[in-house]
Amino acid sequence: MNKKEDFSIGIAGLGTVGTATIKLLEKEIYNINKKAGKEIKIVAVSANNFSKERDIDISKYEWEENPEKLATRDDIDAVVELIGGSDGIAKKLAFSCVQNKKFFITANKALIAKHGYDLNKKILKIDKGIYYEAAVAGAIPIINGIKNGLISNNIYDIEAILNGTCNYILSDMTNNGSSFKESLIKAKKLGFAEADPTFDIEGIDSAHKLAILGMLAYGVKPDLNKIHIEGITSISAEDIKYVKRIGYVIKLFCIAKLDNNKLDFRVHPSLISESSIPASINGALNAVFIKGDYSNMITFIGEGAGADPTASSVVSDIINACRNNNFKQDISFLSPGLKYTDISSRKGKYYIRFIVKDIAGVLASITTIINNNDISLDSVIQDSNKGEEFSYIIILTHETNELNVKNAINDINNLDTLIIEPQLIRVENI
Ligand SMILES: NC(=O)c1ccc[n+]([C@@H]2O[C@H](COP(=O)([O-])OP(=O)(O)OC[C@H]3O[C@@H](n4cnc5c(N)ncnc54)[C@H](OP(=O)(O)O)[C@@H]3O)[C@@H](O)[C@H]2O)c1
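Residues numbered from 1 in each chain as written. Predicted model: local features only at pLDDT ≥ 70, side-chain atom pairs only at ≥ 80, totals over all residues. Heavy atoms only, no water.

Draft legend 1. Geometry of the site of the ligand. Taken together, 22 residues form the shell around the ligand, and within it L14, N49, K52, R54 and G306 come nearest. At 2.8 Å, a backbone N or O of N49 approaches an oxygen atom of the ligand. In isolation the ligand offers 910 Å² of accessible surface; the protein chains occlude 74% of this area. Of the pockets mapped on this structure, the ligand occupies the largest pocket. Counted by class, the shell around the ligand contains 10 nonpolar, 9 polar and 3 charged residues. (Near = heavy atom within 4 Å. Polar contact = N/O pair within 3.5 Å; in protein donor to acceptor, adjacent residues only side chain to side chain. Areas by Shrake-Rupley, 256 points an atom, 1.4 Å probe, with all protein chains shown as cover. 1 Å grid on protein atoms, 1.4 Å probe; cavity = no way out; pocket = protein on both sides within 12 Å on 5 of 7 lines; lining within 4 Å. Sits in = over half its atoms within 2 Å of the grid points. Nonpolar A, V, L, I, M, F, W, Y, C, P; charged D, E, K, R; others polar.)

The following block contains the structure:
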């Protein structure tokens, strides 16, 4: 049985984040205990394979073969889940902790995006909390920022760069003129991309994180089907080159707005003015730009993943749980019944890149269709490649409706001068 002045934890998952969390706790335990006001003790650990070689000594902790048992042990106050996955063991541990009135701490965005709303509702009835600062934007205290620092505000706009892999790849393409494939290979070599980067480069990881921020800011149950999600795999070196020429950079932008009582949640590549703050967020960094009606815009920038930055948030959560800083918030009352808008009702500027046969009249045929769809043009570039039979046409529109743009592209797709489907990227003002 744990002593009253102890705060005993069980850690499930000893991979990148689990190992870094234990290292941080072991190295800083003197200061951590002073800040926590109790002695934080790791009582038991669990992972998949007991015999695996690890660069921490786990022999001083009890090994729990079945991680689910951590949630039912009398000698454990808090379970730290660092396994991953939206369901399976992570979900069982989370709900079992709530049922057994234990603190639950996790870095698992997939779990919180899917079950965080229900978990948040359940903990309102008990005196223990769930903590997931590490699930969004690594070391950046954005969950605490929304739940506490900005709680006096009505938040109406969140724009963010939430995936370090994508931001690294797009920054590398911008700085070195490389292709998407070349930058992805480099990102893997340097540890900025996983062996299977699908979740990152297809925008799913960003959508999970955006769903969590949207849940906290607006009180809506996360629903990935309501988020328009596009990844970065179609961005070419030419797109990067042409947007530079017109004063922009490309970022994978996550947007969660509340506008006219409608929710507008999107993840997609975006043209951002090269003189804006988000354009300067390079490499694996994350950034969140959040607007409240009294705070105005607040900017958070920092390391969004990796062992130490993530462990920094996990251990902060452990200390906050120990102090029983619950930060509970009844999010369900915030925005009852709000509806989502569809991407087709977006209004804004658009970059459209065409690759066409290099013959007379092709530009006129495209601009005629654009004009016929009530779209006015901000700028046009026609770039012929010497010795090639194709040319690039780049169009930047003035503000218009997405529906008009989609209709124009449908018409242009019928032109036999078009070589491949046009590339469409939205321009975001921040
Ligand atoms: N890595 C990051 O930079 C980062 C950043 C933010 C959030 N996160 C989140 O943190 C969590 C952990 O990520 P990670 O990168 O540390 O993952 P990881 O390196 O793959 O580690 C996963 C751990 O879970 C254990 N595990 C897997 N299946 C298990 C099972 N069935 N039963 C018990 N243990 C099992 C593994 O055991 P073995 O060691 O025995 O194989 C391993 O220790 C995920 O939710 C992730 O999304 C990660």
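Draft legend 2. Spatial organisation of the packing of helix α3 (residues 109-123) against helix α8 (residues 204-218). Running from N to C, α3 and α8 point in directions that differ by 20°, and their axes come no closer than 8 Å. Comparing their axes, α8 and α3 come out roughly parallel. Regarding α3 and α8, the two cross each other, and that crossing is left-handed. Residue-level contacts link K109, A110, I112, A113, G116, Y117 and N120 of α3 to D205, H208, K209, A211, I212 and M215 of α8. For the contact of α3 with α8, the residue count by class is 7 nonpolar, 3 polar and 3 charged. (Axes fitted to C-alpha atoms, helices over the stretch in contact; angles between N-to-C directions. Helix = DSSP H or I, 4+ residues; strand = E, 2+ residues; numbered from the N terminus. Parallel < 35°, antiparallel > 145°, perpendicular 65-115°, else oblique. Left-handed = near helix turned anticlockwise from the far one by under 90°. Contact = heavy atoms within 4.5 Å.)

Draft legend 3. Representation of the layout of surface pockets in the model. Of the volumes computed, that of the largest pocket is approximately 1300 Å³. Around the largest pocket, the lining is made up of 46 residues, and of these T16, V17, K109, E194 and A305 lie nearest the centre. With 3 residues, the single largest contributor to the lining of the largest pocket is α8. Of the residues contributing to the lining of the largest pocket, the split by class is 18 nonpolar, 17 polar and 11 charged. The calculated volume of the second largest pocket comes to roughly 410 Å³. What lines the second largest pocket is a set of 17 residues, among which D259, D264, R266, R346 and K347 lie closest to the centre. In terms of residue class, the lining of the second largest pocket is built from 2 nonpolar, 4 polar and 11 charged. (Points joined across faces, edges and corners; volume = space filled by probe spheres on them.)

Draft legend 4. The arrangement of the sheet that holds strand β2 (residues 39-46) in detail. Within the open sheet, the 6 strands sit side by side as β3-β2-β1-β4-β5-β6. Their pairing is parallel. Edge positions in the sheet fall to β3 (62-63) and β6 (130-131), since each has one partner strand and no second. Sheet analysis places strand β4 (residues 78-81) next to strand β5 (residues 103-106), joined by 4 bridges and oriented parallel. If you follow A78 over to β5, its bridge partner there is F103. (Pairing = 2+ DSSP bridges.)

Draft legend 5. Just unusual backbone geometry, in detail. In this structure, N260 is a non-glycine residue whose phi angle is positive, near 50°. Along the chain, N260 turns up in the loop between β9 (248-259) and β10 (262-273). Classification of N260 as exposed rests on a relative accessible area of 73%. At D374, a residue that is not glycine, the phi angle is positive and equals roughly 60°. Its place among the elements puts D374 in the loop between α11 (362-372) and β15 (377-384). Judged by relative accessible area, D374 falls into the exposed class, the value being 66%. (Buried < 20%, exposed > 50% of the residue type's maximum accessible area, 1.4 Å probe, protein only.)

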